[in-house]
Amino acid sequence: MCSADAKACILQTLKVLNKYPKIPALVGQCLGSLVSLADNYAHRSVILKEEWQRLVVNALNNLKKESKEHLITTVDGQEKITVHTATRWARDTAMNGCRLFGVFAADPKRREDFAEEAIKACLVVLAFCDESATVCSAACDCLYNYCYRCEFAALLAAEQGAYEKVQEAVGNFMSDEHCQKQCERAVKVLAPNGWRGEEVT
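Notes on the structure follow.

Calculation rules
Residues numbered from 1 in each chain as written. Predicted model: local features only at pLDDT ≥ 70, side-chain atom pairs only at ≥ 80, totals over all residues. Heavy atoms only, no water. Helix = DSSP H or I, 4+ residues; strand = E, 2+ residues; numbered from the N terminus. Phe/Tyr/Trp six-rings, centres within 6.5 Å; stacked < 30°, edge-to-face > 60°. Buried < 20%, exposed > 50% of the residue type's maximum accessible area, 1.4 Å probe, protein only. Lys NZ or Arg CZ within 6 Å of the ring centre and 35° of its normal. Expected span 1.5 Å × (residues − 1). Arc of directions from axis to C-beta. Contact = heavy atoms within 4.5 Å.

**Here's the deal with the environment of K188**
And step 1. Relative to the helices and strands, K188 resides in helix α10 (residues 177–190).
And step 2. A sequence separation of 182 residues divides K188 from A6, and the C-alpha atoms of the two residues are 38 Å apart.

Now the structure itself:
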């Protein structure tokens, strides 16, 4: 049973997320707190009664990028280019959003309820934070958690082109062993009939 203090903490965190959706640092930290709280089954039961999905989706729809100018040297001289990358807080929000969705895949009876939004969220952050191995790992882990032994989620993922998008991500982080492992698991489970799990470890 969830303690009164833990319940108050959960409700206050959700309230802050709802009230201040445009403050990136706050949003990222709140989602991280919810991930930690949701590891406990009693805490999850409290979160499930609230509008947590809407708040997570809203946070992921407000991710920001920052621009940096670089001088590169070419055969024709120096050239100024502008590089756009996800901000630190966007990466934290993306990672924790996927992790929070992933936690709720633990209950097979509720997995189908959250699968559509979870899969969309994972694909959004894979595209937005394509330079972050940590975000990629979290997204691939979440996709795996929903699609493994769940045909409904696997079909939704197939409709959204998740298999191809994760395959693209695999090549971005060849030197990151953990990310490669998460990507490979996701690729296997997203392959045709991969959700059955025979060849997925």
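There is more to say after this.
**A word on the packing of aromatic side chains**
Geometrically, a pair of aromatic rings is defined through the distance of the ring centres and the angle of the planes.
And step 1. Counting across every chain of the model gives five aromatic pairs.
And step 2. Aromatic pair W52 and F104: ring centres 4.3 Å apart, planes at 25°, arrangement stacked. Note that W52 is positioned in helix α4 (residues 52–60) and F104 in the loop between α5 (88–103) and α6 (108–128), a separation of 52 residues in sequence.
And step 3. Overall, the relative accessible area of 2% leaves W52 in the buried class.
And step 4. Of the residues examined, F104 reaches a relative accessible area of 3% and is grouped as buried.
And step 5. An aromatic cluster of at least three residues, connected via ring pairs, comprises W52, F101, F104 and F114.
And step 6. Across from the ring centre of W89, 4.3 Å away, lies the NZ or CZ of R88, which sits over that ring.
And step 7. Lying across the ring of Y144, R185 places its NZ or CZ 3.7 Å from the centre.

**Things to note about helix α1 (residues 4–19)**
And step 1. With 16 residues, α1 should reach 22 Å at 1.5 Å per residue; the first-to-last C-alpha distance of 22 Å fits that figure.
And step 2. Those residues of α1 that fall on the buried side of the exposure criterion are A6, I10, T13, L14, V16 and L17. All buried residues of α1 project into a common sector of 160° when viewed along the axis, lining one side. Exposed side of α1, more than 90 degrees from the buried face: A4, D5, K15 and K19 are the residues found there.
And step 3. Each element contacted by the buried residues of α1 is listed here: α2 (24–38), α3 (41–47) and α4.

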